[in-house]
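Structure assessment
The chain contents come next:
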Amino acid sequence: MDNTKKVFREIKADAMLTSSSDLRRYLTGFPSSFGFVYTDFQESIFFTDPRYAEGARNALKNEFISVEIAKSEESVLEYIKSKKVKRLAVPMERLTVPEAQLLKKFRFKLADSMPAFTEAMAVKTEEELALIRRACEIAEAAYADFLGYLKEGMTESEAAGYLEFAMRKKGAEDRSFETIVAFGKNTSVPHHSPDETKLKKGMPVLADFGCKSGGYCSDMTRTVLFGKSEDGEFEEVYGEVLAAHRNALEGIREGMHGREADALARDLLKKKGLDKFFTHSLGHGIGINIHEFPRLSASSDDILKNGMVFSVEPGVYFEGKFGIRIEDSVYLKDGVAASFMKTDKKLIVI
Ligand SMILES: [Mn+2]
C-alpha cells in the first residue's frame, strides 16, 4: 500500500493537502524543498515547481502519484475548490499563519491529518528499515575512521568536521542533526556544540552523530577515553551506564509504554544513586525526522509496536567533570528490541 492511502484512510475528510517537507517526503518518497501533495479518494497529485518537476516525474513515473506544476499554494487551493472538496485535512501543527489565513479565505472545513501521519510514520516498512540500517552502517563505518583520526591538540570542531566528512564519503546524503563532539569536561553538557577545545591525554571524548540515507536517519553516541583517566570514577560510571543501556535493550518488549522502557534504564541507575544525573529521556523515535514518535521517557504513554525504530541512549552527567552517553538506534521486531549497531560498547581507551 502506498503511503498516501495509508495516511488518508485514517482521516475523516474528502481530501488532504500536505506541504511540510518531511511529510511530503513520506508521501512521495521524493526529496523536495517546495511542493504540495493533494490526495482524495480518486487521485494523488504532487504539485511542485519547475525545479523539481522533471526529477519528480522521473522518480514517480511508475507510482500512484502524478506530478503537476503549481505556481503557488493559492493555485493548488483553487484546484481543490474546483473539485468540490468541503472537508480538507491538513497537518495543523505545521501550518504557518499565512497558510491558515489562505485556507480560511477558501472556506474549507479543516480536519487535522497530523495524528494519522504520526501513527503511520512510526511503524516502518521493510524498505524503510533497510534505509535506516544503511544509515546506521554508514555512521558506524565513519565512527571507526574517526577513532583513528583523533590526535592530541585537535579541536572538537575539527573532529566533528572529520566525522561528517567520513559519513558523506561513505555514502551519506547529509548528517541527520548537528554533530556533537565533546572533549573533557564538555562531555557533561549533553548537547554541547563543538568548539575550539583541544584534545588532551586523559580526556573523555563523546561523539553523538548520525546521517541520512534515502531520506532516513541514524543516531548513535559513544563515549571513549583518550588515554587513561586519573581516577577510576569514569570507568566505574561507564560500567553503570552500559549496564543501564543493556538492560533497556534486552528488556524492551512490544506493547510496553514508553515510560516502562525508560524505567528499565532509569531504575538500574537509581540503585546506584545515579538517576539524578540521567537528565534526559531514554530515547525517541527515528525515521525521516531525527526526533519522532514514540517517546521513551518517564512520562510517556506511547505504546511500542513492532516495526518502530527508536534510540536507546541512557546518559549520566556530572556538571563540570564529565558525562557519559551510550546510544544505539534500535528497532522492534517479533516483540523484542534489536540494535542496528554492531560497534562494541565496552569502554575503549585510545
Ligand atoms: Mn538520539
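Cut-off values and rules
Residues numbered from 1 in each chain as written. Predicted model: local features only at pLDDT ≥ 70, side-chain atom pairs only at ≥ 80, totals over all residues. Buried ≥ 20, exposed ≤ 12 C-beta atoms within 10 Å, placed from the backbone. Helix = DSSP H or I, 4+ residues; strand = E, 2+ residues; numbered from the N terminus. Pairing = 2+ DSSP bridges. Axes fitted to C-alpha atoms, helices over the stretch in contact; angles between N-to-C directions. Contact = placed C-beta atoms within 7 Å. UniProt positions renumbered as here; feature names shortened; annotations may be inferred.

Let's shift gears to helix H5 (residues 97-105). For H5, the tally of buried residues reaches only zero of nine residues, placing the bulk of the element at the surface. Downstream of H5 by a residue or two, arginine 107 has a phi angle that is positive, lying close to 60 degrees.

For the rest of this paragraph, the subject is the sheet that holds strand S6 (residues 109-112). The strand order S4-S3-S2-S1-S5-S6 describes an open sheet built from six strands, whose pairing is mixed. Both outer strands of the open sheet, strand S4 (65-69) and S6, are each paired with one neighbouring strand and no more. Averaged over all neighbouring strand pairs, the angle between strand axes comes to 25 degrees, with direction disregarded. Relative to strand S5 (residues 87-90), strand S1 (residues 15-18) is paired through two bridges, and the arrangement is parallel. Note on S5: the bridge partner recorded for methionine 16 is alanine 89. Helix-sheet contacts for helix H4 (residues 73-82) involve S1, strand S2 (36-40), strand S3 (44-48) and S5, and the interaxial angle to S2 is about 10 degrees.

According to UniProt, the "domain: Creatinase N-terminal" (unreviewed entry) feature falls on residues 4-105. End-to-end, the C-alpha atoms of residues 4-105 are 26 Å apart, and along that stretch the chain is 41% helix and 23% strand.

A word on the environment of serine 75. The residue serine 75 is located in helix H4 in this model. Judged by the 13 C-beta atoms lying within 10 Å of it, serine 75 falls in the partly exposed class. Each C-alpha atom of the pair serine 75 and phenylalanine 47 lies 9.9 Å from the other, and the pair is 28 residues apart in sequence.

Quick look at the UniProt feature "domain: Peptidase M24" (unreviewed entry) in the protein now. The feature "domain: Peptidase M24" (unreviewed entry), as annotated in UniProt, sits at residues 131-333 in this numbering. Helix makes up 33% of residues 131-333 and strand 25%, with an end-to-end C-alpha separation of 16 Å.

What follows is about the sheet that holds strand S10 (residues 211-213). Strand order in the open sheet made by the three strands is S7-S10-S11, with antiparallel pairing throughout. What marks the edges here is a single partner per strand, and that holds for strand S7 (174-175) and strand S11 (216-217). Pairing of S7 with S10 involves two bridges; the strand directions are antiparallel. Bridge pairing in S10 links aspartate 174 to lysine 212. Set on the sheet, helix H7 (residues 126-149) makes contact with S10 and S11; between it and S10 the angle comes to about 140 degrees.

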